[in-house]
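These are the residues of each chain, in order.
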Amino acid sequence: MRYFRFACWVPAAAWIYARSVVDRYDGWGAWAAAPLLLLPVAVSALFVGVGLLLVGRSGTERRSSWDWIAIGVSCLPLLWIALRLITN
């Protein structure tokens, strides 16, 4: 779980970077660059699954609140997509 906590920021950082690349373009260029956002979302889903698996496998005596925070940080791109789908 220690390594997961170390790497949990990767999906959020990849999402921020991909959003900055897509935001540089206007009109059809943004639509063409939008598939760049799929990789951070897929990595986020993978990290959330691995995090839940690790939390489920660890005993209750070894579980801490930092584990849930790490899972929350790694699911930020998924939450962004869900909020965009709900609000549009």
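Please read these numbers as outputs of a predicted model, since none were measured by experiment.

Student: Describe the nonpolar core, listing the residues and the values that go with them.
Tutor: F4, C8, F47, V48, V55, A70, I71 and C75 together form the largest nonpolar core, which totals eight residues. Put simply, the parts of the chain that give this core at least two residues each are helix 4 (38-57) and helix 5 (65-74). The element contributing the most residues to this core is helix 4, with three residues. Contacts of A70, omitting those with residues within four sequence positions, involve F4, R5 and C8. Formed by seven residues, the second largest nonpolar core is a distinct cluster that contains W15, A18, V22 and V41.

Student: Report on a nonpolar patch on the surface, specifying residues and quantitative values.
Tutor: There is a patch of nonpolar side chains on the surface, built from W80, I81 and L85 and spanning about 310 Å² of accessible area. By the element assignment, W80 lies in helix 6 (residues 76-87). Look at W80 and you get partly exposed, because its relative accessible area is 38%.

Student: Explain the packing of helix 4 against helix 5 to me, and be specific about the residues and the numbers.
Tutor: One can describe the packing of helix 4 onto helix 5 by two numbers: an axis separation of 8 Å at closest approach and a directional angle of 165 degrees. One finds that helix 4 runs roughly antiparallel with respect to helix 5. Seen along the crossing, helix 4 lies across helix 5 with a hand that is left-handed. Facing S44, F47, V48, G51, L52 and V55 of helix 4, the residues of helix 5 in contact are D67, W68, I71 and S74. The residue inventory of the contact of helix 4 with helix 5, partitioned by class, reads six nonpolar, three polar and one charged.

Student: An account of the layout of surface pockets is needed here, citing residue identities and associated values.
Tutor: Estimates place the volume of the largest pocket at around 390 Å³. Where the lining of the largest pocket is concerned, the elements lending two or more residues are helix 2 (10-22), helix 3 (28-33), helix 4 and helix 6. Per element, the largest residue contribution to the lining of the largest pocket is four residues, and it comes from helix 6. By residue class, the composition of the lining of the largest pocket is 11 nonpolar, no polar and three charged.

Student: Outline helix 5, supporting the account with residue identities and numerical values.
Tutor: Considered for burial, the residues of helix 5 that qualify are D67, A70, I71 and S74. Down the axis of helix 5, the sector holding all buried residues measures 95 degrees, keeping them to one side. Check the buried side of helix 5 and you find it contacts helix 1 (2-7), helix 2, helix 4 and helix 6.

Scoring rules and cut-offs
- Residues numbered from 1 in each chain as written.
- Predicted model: local features only at pLDDT ≥ 70, side-chain atom pairs only at ≥ 80, totals over all residues.
- Heavy atoms only, no water.
- Core = buried A, V, L, I, M, F, W, Y, C linked by side-chain atoms within 4.5 Å.
- Buried < 20%, exposed > 50% of the residue type's maximum accessible area, 1.4 Å probe, protein only.
- Helix = DSSP H or I, 4+ residues; strand = E, 2+ residues; numbered from the N terminus.
- Contact = heavy atoms within 4.5 Å.
- Patch = residues over 30% accessible without salt bridge, like charges linked within 9 Å, V, L, I, M, F, W, Y side chains within 5 Å.
- Areas by Shrake-Rupley, 256 points an atom, 1.4 Å probe, with all protein chains shown as cover.
- Salt bridge = Lys/Arg side-chain N within 4 Å of Asp/Glu carboxyl O.
- Axes fitted to C-alpha atoms, helices over the stretch in contact; angles between N-to-C directions.
- Parallel < 35°, antiparallel > 145°, perpendicular 65-115°, else oblique.
- Left-handed = near helix turned anticlockwise from the far one by under 90°.
- Nonpolar A, V, L, I, M, F, W, Y, C, P; charged D, E, K, R; others polar.
- 1 Å grid on protein atoms, 1.4 Å probe; cavity = no way out; pocket = protein on both sides within 12 Å on 5 of 7 lines; lining within 4 Å.
- Points joined across faces, edges and corners; volume = space filled by probe spheres on them.
- Arc of directions from axis to C-beta.

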